[in-house]
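# Analysis of the macromolecular model
Below, each chain spelled out in residue letters.
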Amino acid sequence: QDVVNRMAAGEVLARPYNAIKELVENSLDAGATEIQVHMQNAGLKLLQVSDNGKGIERDDFDLVCERFATSKLQKFEDLMHMQTYGFRGEALASLSHVAKVNIVSKREDGKCAYQADYLDGKMLATTKPAAGKNGTCITATDLFYNLPVRRNKMVTHGEEAKMVYDTLLRFAIHRPDVSFALRQAQSNDFRTKGDGNLRDVVSNLLGREIADNLIPLALDSTRLKFEFSGNFSKPIAAATAKAALNRKTTRSFFSVFINGRSVRCEILKHPLDEVLQNRSLICQFCSVHLKIDETRIDVNVHPTKSSVIFLEKEAIIDEIRAYFEKVVNEIFG
Ligand code: ADP
Ligand code: MG
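Only a predicted model underlies this, so the values are computations on that prediction, with no experimental measurement involved.

Helix and strand counts for the protein come out as eleven helices and 18 strands. In the protein, which comprises 333 residues, the share counted as buried stands at 36%. For the protein, restricting intrachain contacts to residue pairs at least 6 apart in sequence, the fraction spanning at least 24 positions comes to 66%.

In structure tokens:
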């Protein structure tokens, strides 16, 4: 049974950045305004996310790493409606099957912080009082210690570290109102202020050129019940961009959140690409958020939630394409 759990967990959390994404989403769910990520050896030795969110109740400690234990579904229908993030209490359980997990957490109304250790979905001893400020700190050590093949395959720690950076970068840009810090002893460590200033975040992380050319996006479709928002940088001539890419001074950034979830969703990129291609333009930066009636999408199709299924996909894409057409027209005539 443990082997089965471990294999399943290894699928859900295939790489360190998958774990980071889940932990950061939990912190955001808990209302955190400050989130710190600390890694050693690309997360294989140490992977830690601490936040100033609402914390975990002492009585809930023995549950949090149990499979399907979630405090976020009020009733079964929520599974369909996906009111908050998360895929039904699997992230922490999975993590505890592929790493040694420690949780320290303090609620604002709690006397003190408590801490506990977890292995294979179970709490190891009872919770103990601990020092700690309001919020939660989750530490995973020796990631994939029991999946040696996986662990040894990750020889290119640089690549894992880059994926973690990329993951956190997306959150930092999506939520400029939250302060994110990444510390992995790499040149790409960063900290954002969390003061809500997107331009500053983009400027610091991706450069002034992009930050100075941000164009906001806002499309409300009452007909298809979705809101499309975000920012993209003023498109530039493809030839210019190519020259810049060759000098390796720039790379293009594209990020999609759907109902607050970071997802890989290329189909939302296609309408913009099409509009720009016709004009030999390219866009170096685009960050969008699609808020859509939860009955019209299914983000739970795959445990890593990288794929999303839309009802009325064509109609949605058509409206977004028409909108981009209009916006680009306004800029370039
Ligand atoms: P889910 O997010 O789907 O509920 P998880 O396995 O990610 O499942 O988390 C299990 C539970 O642990 C959550 O429902 C929440 O109650 C608690 N939890 C996890 N991380 C945090 C955090 N950073 N702050 C407060 N509570 C947390
Ligand atoms: Mg979660």
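Still more ground to cover, so stick around.
Below, the discussion takes up the nonpolar core. Core analysis: the biggest nonpolar cluster contains 77 residues, and I20, L95, V101 and L168 have the highest contact counts within it. The leading source of residues in this core is helix α6 (residues 157-174), at eight residues. There are two domains that each give this core at least three residues, and those are domain 1 (2-191) and domain 2 (207-332).

With respect to the helices, strands and loops of the structure, M154 is situated in the loop between α5 (148-153) and α6. Placed 110 residues apart in sequence, M154 and L44 show a C-alpha to C-alpha distance of 8.9 Å. Excluding its chain neighbours within four sequence positions, the residues that come into contact with M154 are A42, L44 and E160.

Averaged over the protein, the pLDDT score is 86; the fraction of residues at 70 or greater is 88%. Contacts from residues 80-86, a stretch scored under 50 in pLDDT, to residues over four places away or in other chains number 19 contacts.

Glancing now at the sheet that holds strand β16 (residues 285-292). Across the sheet, five strands lie side by side as β10-β11-β16-β13-β14; this open sheet has mixed pairing. Of all strands in the sheet, those bounded by a partner on one side alone are β10 (214-221) and β14 (261-263). Ignoring strand direction, the axes of neighbouring strands in this sheet form an average angle of 20°. Looking at chain direction, strand β11 (residues 226-233) and β16 are connected through seven bridges and run antiparallel.

Before going further, it helps to examine helix α7 (residues 198-206). Those residues of α7 not exposed but buried are L198, V201 and V202. Mapping the buried residues of α7 onto a view down its axis gives an arc of 95°, with all of them on the same face. Where α7 is buried, its residues meet α6, α8 (208-211), β10 and β11. At the exit of α7 stands G207, carrying a positive phi of roughly 110°.

Relative orientation of the contacting elements helix α10 (residues 270-277) and helix α11 (residues 313-332) amounts to 40°, with a least axis distance of 8 Å. What the angle tells us is that α10 and α11 run oblique. Every pair of crossing elements has a handedness; the one defined by α10 and α11 is right-handed. Residues H270, P271, L272, E274, V275 and L276 of α10 lie in contact with α11, whose contacting residues are I317, I320, R321, F324, E325 and V328. Tallied by class, residues from the contact of α10 with α11 come to eight nonpolar, one polar and three charged.

Sheet topology places strand β1 (residues 34-40) next to strand β2 (residues 46-51); six bridges connect them, and they run antiparallel. In the strand pairing of β2, M39 is matched with L47. Remark: five residues form the turn of the hairpin made by β1 and β2, two consecutive strands paired antiparallel; N41 in that turn has positive phi of roughly 50°. Pairing of β2 with strand β7 (residues 135-141) involves six bridges; the strand directions are antiparallel. If you follow L46 over to β7, its bridge partner there is T141.

Where the residue is not glycine, phi is negative for most of them; where a peptide bond is considered, it is trans in most cases. The phi dihedral of A42 falls on the positive side, at around 55°, and the residue is not glycine. Tracing the backbone through its elements, the reader meets A42 in the loop between β1 and β2. Look at A42 and you get buried, because 24 C-beta atoms sit within 10 Å. With a phi close to 55°, S280 is a non-glycine residue in the positive phi region. Relative to the elements of secondary structure, S280 occurs in the loop between α10 and β15 (281-282).

Our next topic: the packing of α6 against α7. The N-to-C vectors of α6 and α7 enclose an angle of 155°; their axes lie 9 Å apart at closest approach. By the angle between their axes, α6 is roughly antiparallel relative to α7. Facing L169, A172 and I173 of α6, the residues of α7 in contact are V201, V202 and L205. Partitioning the contact of α6 with α7 into residue classes produces six nonpolar, no polar and no charged.

What counts, and at which threshold
- Residues numbered from 1 in each chain as written.
- Chains lettered and ligands numbered in written order.
- Predicted model: local features only at pLDDT ≥ 70, side-chain atom pairs only at ≥ 80, totals over all residues.
- Helix = DSSP H or I, 4+ residues; strand = E, 2+ residues; numbered from the N terminus.
- Buried ≥ 20, exposed ≤ 12 C-beta atoms within 10 Å, placed from the backbone.
- Contact = placed C-beta atoms within 7 Å.
- Core = buried A, V, L, I, M, F, W, Y, C linked by C-beta atoms within 7 Å.
- Domains from an automatic or database assignment.
- pLDDT = per-residue confidence, 0-100.
- Pairing = 2+ DSSP bridges.
- Axes fitted to C-alpha atoms, helices over the stretch in contact; angles between N-to-C directions.
- Arc of directions from axis to C-beta.
- Parallel < 35°, antiparallel > 145°, perpendicular 65-115°, else oblique.
- Left-handed = near helix turned anticlockwise from the far one by under 90°.
- Nonpolar A, V, L, I, M, F, W, Y, C, P; charged D, E, K, R; others polar.

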